[in-house]
Structures are given as C-alpha cells and as structure tokens.
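Chain residues, written in single-letter form:
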Amino acid sequence: MTGEPKVPGDSDERSSGRTGFAAPRWARPAGDPSARGKWQTRLRRRLIWPVLVILLLFAVWFNYPFMPNPWVALFRQPSGDASAVSTPERWAMYGGSPQVANSLSTAVAPEGVIDRVIEVGAEVRSAAAVDDGVAYIGGQSRIVAFDATTGQQIWERPISGPAHGVPAITENSLYLGTLNKRVIALDRSSGRTLWEYEGDSPFPGSVTVQGGIVYAGSRGGDVHALDAESGSRLWKVGLGSAAVTPVAVYDGKLLAASNAGVLFIRHSGTGDKRARIRTSAVLVAPPVAANGRVYLLSEGGLMAFDAAIRELPGRYPAELIWAQLWIWHFPLPAPPEHSGLQWRMLPSDDMGVFLHHPAVTSEALYLGTDTGEVVALDPEGGSILWRMPPPSGPRPADGNLGQHIPGRSPVTAPPLVAGDLLIVAHQDGSIRAINRFNREELWTVSLQSPLAAPLSYAAGKVYAHTQGGKLYVIR
C-alpha cells in the first residue's frame with residue numbers, strides 16, 4: 001500500500017528485498033560499506049609488499065649478513081678513531097699492528113750491541129710497548145713505564161690483577177687486559193686510570209685497538225668490542241670456547257680464533273658474521289692477516305685462507321655433520337676442504353714443526369721451528385723459498401754478555417722483521433740477526449735466559465724480555 005505510514009526505525013527491508021532484523025540507522029557504521037571494503041583492500045595491498053620486504057631482509061641478515069646489524073651500525077659506534085699502529089719509531093701492540101704482522105720492513109736495522117739492561121722482575125710475562133723513548137710493560141699486579149735510555153722508572157701503577165699481554169698504546173692512552181676480568185685504559189704520561197671495564201671472565205692476553213674500538217678476547221669465549229674513549233661495551237661476539245689472543249683486524253674484518261679450532265671472520269665495525277672456518281686441531285697462535293689472506297698456525301703447519309670469504313647459509317653446520325658421519329664410516333665421500341683454503345704447508349720431518357705465527361711481508365712469510373731452523377715461505381702458494389739451519393756449534397758473541405751459543409735450539413718467539421733483518425730468538429737465550437734476502441747471519445747476542453715474551457722494536461732498537469726478569473735493549 002503506497003500510503004502506508006513508515007514506522008520509525010524501520011530498516012527499509014521492503015526496498016532492499018531483505019528480511020530479518022536490521023540495526024537502526026544510529027547504530028549502523030557511517031559511510032558506504034562497499035567503499036570501506038575497497039579502502040581496506042587497497043591498504044592491505046599497499047602494506048603487503050613493505051612487510052614482505054622487511055621480513056626478507058631480516059631473514060637474509062639473520063642467516064647471512066649482506067647488511068650489518070642496523071642497530072649497532074647506527075647507535076653502537078665508537079666515539080673516536082684511536083688505533084694502535086706501529087711505525088719504525090714505535091711499537092704499539094702485540095705483533096706491531098692490528099694485522100699481527102710482526103714486521104717493519106722500512107725500519108733501521110739494529111747493530112747487535114746490548115745498550116741497556118732494565119730489571120723488570122721475574123714475575124713479569126709481558127713484552128714492551130715502546131714510544132718516544134718510553135717502554136711500557138705489564139706485570140703481576142702493576143704496569144710500569146721506564147725510560148728506555150736510562151732504565152729509570154717514570155711511573156708505576158698498581159692494577160687489580162696480572163697483565164701478561166703486551167700493552168696497546170695510542171697517542172695518549174694505554175690499554176691492557178687482566179686476569180681478573182678487566183680491561184683497563186691508562187693515561188700514558190702519568191699512569192692515571194681513564195676507565196675500567198669488567199667482563200665475566202679473564203682477559204688473558206693482549207688487546208687490539210683499531211678505529212676507536214678496543215677488541216678484547218676472553219677466556220670465557222667472547223670478543224668484547226669496547227669504546228676506546230669511554231670503555232663502554234659496543235657489542236660482543238661469542239666464539240664458543242676461549243679466544244686465542246690477540247684478535248686481528250684487517251680490511252674491515254675481525255679475525256678471531258678459538259682454542260677449539262675455529263677461525264671466526266666478523267665485520268670489524270658491528271660484529272656481524274662473515275664466515276666460520278673449522279680446522280682440525282686446537283689453535284694456540286693468533287691469526288695473521290696480509291696479502292689478502294689469513295695465515296693460521298695449525299698442527300705444526302701453516303694454512304692460508306682467502307680473507308674475503310663469506311659463508312653460505314647452512315654450509316658450516318652441514319660440513320660439521322658431513323665430517324662427523326664420515327668419521328663414523330658412513331658411506332659418504334670425504335668432506336670438502338675448509339672454506340676459502342688456498343694452501344696448506346706441513347713441514348717435513350727433518351724440518352720440525354712451526355711453533356709460532358709468522359712474520360709477514362709482501363715477499364715472504366718467516367717462521368721458526370722446534371729444531372731451530374728458520375724458514376721462508378712464498379705468501380702466494382706456501383712453497384719454501386729457503387731454509388736456514390740452526391747454528392751447528394759454539395760461536396763467539398762479540399761485545400755481548402755471553403760467549404757461547406749452543407746449536408739446534410728451538411725458536412721460542414715469532415720472528416721479527418726490522419728492515420732487511422730477520423731477528424730470531426732461541427730457547428738457549430740467543431738472538432740471531434739474519435739478512436732475509438741473502439741469508440747472511442750478521443750478529444748474535446746471548447741473553448743468558450730464554451725469552452718470556454715476544455720481541456719488540458722501536459727506533460733502531462730491539463727489546464727482549466727474558467725469563468730472568470730483565471728487559472734487554474739491543475741497538
């Protein structure tokens with residue numbers, strides 16, 4: 001009926017053709033339902049691609065870091081650019097550089113005459129860092145600065161635990177790790193404490209300072225990256241077992257070895273993983289980086305890896321499972337060689353085994369063996385360039401403390417390159433200087449006692465700390 005009155009609140013069911021209950025107008029959503037659905041559909045379509053891209057980027061970063069951790073890259077960066085790098089005039093850290101190369105190829109060659117003997121104490125197991133005529137050396141519960149010319153003590157600072165690594169020095173500061181779980185920064189001129197960082201396990205060796213970051217490997221299996229200015233922790237990475245110290249920094253990469261036999265390659269600015277390389281033995285010497293490679297001492301031999309290697313997702317655990325099944329004699333082929341391995345050199349039986357990491361130049365890698373031999377290897381392929389046998393018998397030591405040096409004594413520290421000289425220390429307390437190009441032995445010094453720490457060099461002088469508690473300065 002056309003004239004039928006409309007009941008208030010009626011839902012226009014007759015006009016729409018629908019039956020049943022309908023909400024009154026005041027309870028209905030505003031706007032056209034079809035328009036609202038279209039808007040929601042468009043919103044979902046616009047959001048789905050950004051969400052998928054974000055999820056994909058997270059998955060890529062989590063599994064294999066083509067990009068650094070954005071939080072660390074943006075908000076956990078150092079406040080300065082301090083670095084401990086040696087020159088022919090200064091020895092700034094263990095190995096002389098963040099690459100642990102133990103080489104200053106443009107340095108002035110020392111003459112082989114003992115210039116000064118400084119009493120540092122028998123409990124000291126640290127080598128000297130040297131700059132501007134001052135030698136800094138750690139100890140059982142102290143760090144001391146000596147005048148390298150006169151031997152006089154400049155300052156002494158008590159510390160809360162043993163510090164047996166080589167101090168790392170920058171322009172104004174000195175850094176060292178201790179066995180009571182601390183990394184300490186001191187003012188070089190006075191010994192005043194600048195900051196202390198407390199970790200959760202001992203820091204048994206030397207630290208590395210590069211690009212404003214102090215890298216400290218711990219016995220608990222972590223590498224702590226600290227702000228060199230404030231001592232605050234920027235980030236840390238886990239190695240799974242005790243770190244072999246010091247770590248190396250090379251071409252934007254952090255190279256850290258664990259004593260369980262794994263080499264970790266990380267981004268030096270953020271700690272993001274680049275690669276893990278499984279070796280077959282316990283590692284006892286730090287990695288050395290040069291010539292685009294990482295050189296690693298393992299089982300008495302030397303291995304060279306491509307420093308630019310990146311680990312494919314899943315490769316490392318797959319290699320572990322494959323190797324274990326092969327060891328259990330499952331019918332599988334032998335597992336593949338280590339990722340990025342370029343060459344491996346195993347000494348012959350008559351040569352002995354390598355005891356310490358090499359000194360590295362662009363021309364050669366220099367190593368010593370447990371039979372007292374000195375060996376030079378080609379850095380490109382690992383072939384032997386030359387071998388020099390140990391001294392075969394007593395020989396004079398003109399102008400030095402000792403008069404006879406027995407032969408065939410193991411090499412007890414990494415060799416040191418100073419200009420054209422290769423300087424090698426033996427277990428019998430002797431130090432030999434060899435021209436590394438023509439292999440002529442130029443001088444020999446006897447210190448009456450084996451080294452307690454690696455050799456250092458600065459401004460034409462070699463610094464040798466012996467187990468007898470003496471620091472010899474040899475010009």
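Residues numbered from 1 in each chain as written. Predicted model: local features only at pLDDT ≥ 70, side-chain atom pairs only at ≥ 80, totals over all residues. Heavy atoms only, no water.

J.: Is there a simple way to explain the sheet that holds strand β9 (residues 182–187) in this structure?
T.: The strands that make up a sheet are held in pairs by hydrogen bonds between backbone atoms, and each pair lies either parallel or antiparallel. Strands sit in the order β7-β8-β9-β10 across an open sheet of four strands; the sheet is antiparallel. Two strands in the sheet have a free side with no partner beyond their single neighbour: β7 (168–169) and β10 (193–198). Relative to β9, strand β8 (residues 173–177) is paired through five bridges, and the arrangement is antiparallel. Within the sheet, the bridge partner assigned to Leu-174 lies in β9 and is Leu-186. (Pairing = 2+ DSSP bridges. Helix = DSSP H or I, 4+ residues; strand = E, 2+ residues; numbered from the N terminus.)

J.: Help me understand the nonpolar core in this model?
T.: The tendency in soluble globular proteins is for nonpolar side chains to be buried side by side. Tyr-295, Leu-302, Phe-354, Leu-365 and Leu-377 are the most contacted members of the largest nonpolar core, which totals 39 residues. Core analysis: the second largest hydrophobic core is formed by 30 residues, Ala-84, Ala-185, Val-207 and Leu-226 among them. (Core = buried A, V, L, I, M, F, W, Y, C linked by side-chain atoms within 4.5 Å. Buried < 20%, exposed > 50% of the residue type's maximum accessible area, 1.4 Å probe, protein only.)

J.: I would appreciate a short explanation of unusual backbone geometry in the present structure.
T.: In terms of backbone geometry, most residues other than glycine have negative phi values and most peptide bonds are trans. With an omega of -5 degrees, the peptide bond running from Thr-245 to Pro-246 counts as cis. One non-glycine residue, Asp-132, lies in the positive phi region at around 55 degrees. Summarising the element assignment, Asp-132 is placed in the loop between β3 (129–131) and β4 (134–138). Positive phi is not limited to glycine here, since His-329 has a value of about 70 degrees. By relative accessible area, His-329 is classed as exposed at 71%.

J.: I'm lost on the pattern of salt bridges in this one. Help?
T.: Any two side chains of opposite charge can pair, given that their charged atoms come close. Taken as a whole and judged by the stated rule, the model has 17 salt bridges. As a salt-bridge pair, Glu-119 and Lys-470 come within 3.4 Å of each other at their nearest N and O atoms. Here Glu-119, found in strand β2 (residues 114–119), pairs with Lys-470, found in strand β33 (residues 470–474); they are 351 residues apart in sequence, far enough to count as distant. A relative accessible area of 53% means that Glu-119 is categorised as exposed. Among the salt bridges present, the one from Arg-432 reaches Glu-441, with a minimum N-O distance of 3.1 Å. Look at the salt bridges and you will find they share partners, linking Glu-111, Asp-115, Lys-461 and Arg-475 into a network. (Salt bridge = Lys/Arg side-chain N within 4 Å of Asp/Glu carboxyl O.)

J.: Please clarify how the side chain of Ser-456 should be interpreted in this entry.
T.: Position of Ser-456 relative to the elements: it lies in strand β31 (residues 456–458). On the basis of relative accessibility, which here comes to 1%, the residue Ser-456 falls in the buried class. At 2.6 Å, the side chain of Ser-456 forms a polar contact with the backbone oxygen of Ala-128. (Polar contact = N/O pair within 3.5 Å; in protein donor to acceptor, adjacent residues only side chain to side chain.)

J.: It is not clear to me how the environment of Gly-368 should be interpreted in this structure. Could you clarify?
T.: Take Gly-368: it is sitting in strand β24 (residues 365–368). On the basis of relative accessibility, which here comes to 3%, the residue Gly-368 falls in the buried class. Note: C-alpha distance between Gly-368 and His-357 (eleven residues apart in sequence) is 8.8 Å. Leaving out residues up to four positions away in the same chain, Gly-368 has contacts with Val-353, Phe-354, Leu-355, Glu-373, Val-411 and Pro-415. (Contact = heavy atoms within 4.5 Å.)

J.: I would appreciate a short explanation of the sheet that holds strand β26 (residues 384–388) in the present structure.
T.: The strand order β23-β24-β25-β26 describes an open sheet built from four strands, whose pairing is antiparallel. Only two strands of the sheet have a single neighbouring strand rather than two, namely β23 (359–360) and β26. Taken together, the four bridges between β24 and strand β25 (residues 374–377) define a ladder with antiparallel strand orientation. When the bridges of β25 are listed, Leu-367 appears paired with Val-375.

J.: For this particular structure, what's the right way to read the packing of aromatic side chains?
T.: Under the counting rule described, the total for this entry stands at seven aromatic pairs. Ring centres 6.1 Å apart and planes at 45 degrees place the aromatic pair Tyr-295 and Trp-343 in the tilted group. With Tyr-295 in strand β20 (residues 293–298) and Trp-343 in strand β22 (residues 341–345), this residue pair connects regions lying 48 residues apart in the sequence. The class for Trp-343 is buried, based on a relative accessible area of 7%. (Phe/Tyr/Trp six-rings, centres within 6.5 Å; stacked < 30°, edge-to-face > 60°.)

J.: Got a minute to help me understand the confidence of the model for the protein chain in this structure?
T.: Low pLDDT marks regions whose predicted coordinates should not be analysed in detail. On average, residues of the protein chain score 86 in pLDDT, and 85% of them are at 70 or above. Under a pLDDT of 50 for its full length, residues 393–407 has, in the predicted model, 31 contacts with residues more than four places off or in other chains. (pLDDT = per-residue confidence, 0-100.)

J.: How should the side chain of Glu-373 be read in this particular structure?
T.: The topology assignment puts Glu-373 in the loop between β24 and β25. Using a relative accessible area of 7% as the deciding quantity, one classes Glu-373 as buried. A polar side-chain atom of Glu-373 sits 2.7 Å from a polar atom in the side chain of Arg-387. If sequence neighbours within four positions are ignored, Glu-373 has contacts with Asp-350, Met-351, Leu-367, Gly-368, Arg-387, Met-388, Pro-389, Pro-390 and Val-411.

J.: Explain the environment of Thr-149 here, please?
T.: With respect to the helices and strands, Thr-149 occurs in the loop between β5 (142–147) and β6 (153–158). Residues Thr-149 and Val-134, spaced 15 residues apart in sequence, show a C-alpha to C-alpha distance of 8.2 Å. In contact with Thr-149, not counting residues within four places along its chain, are Arg-116 and Gly-133.

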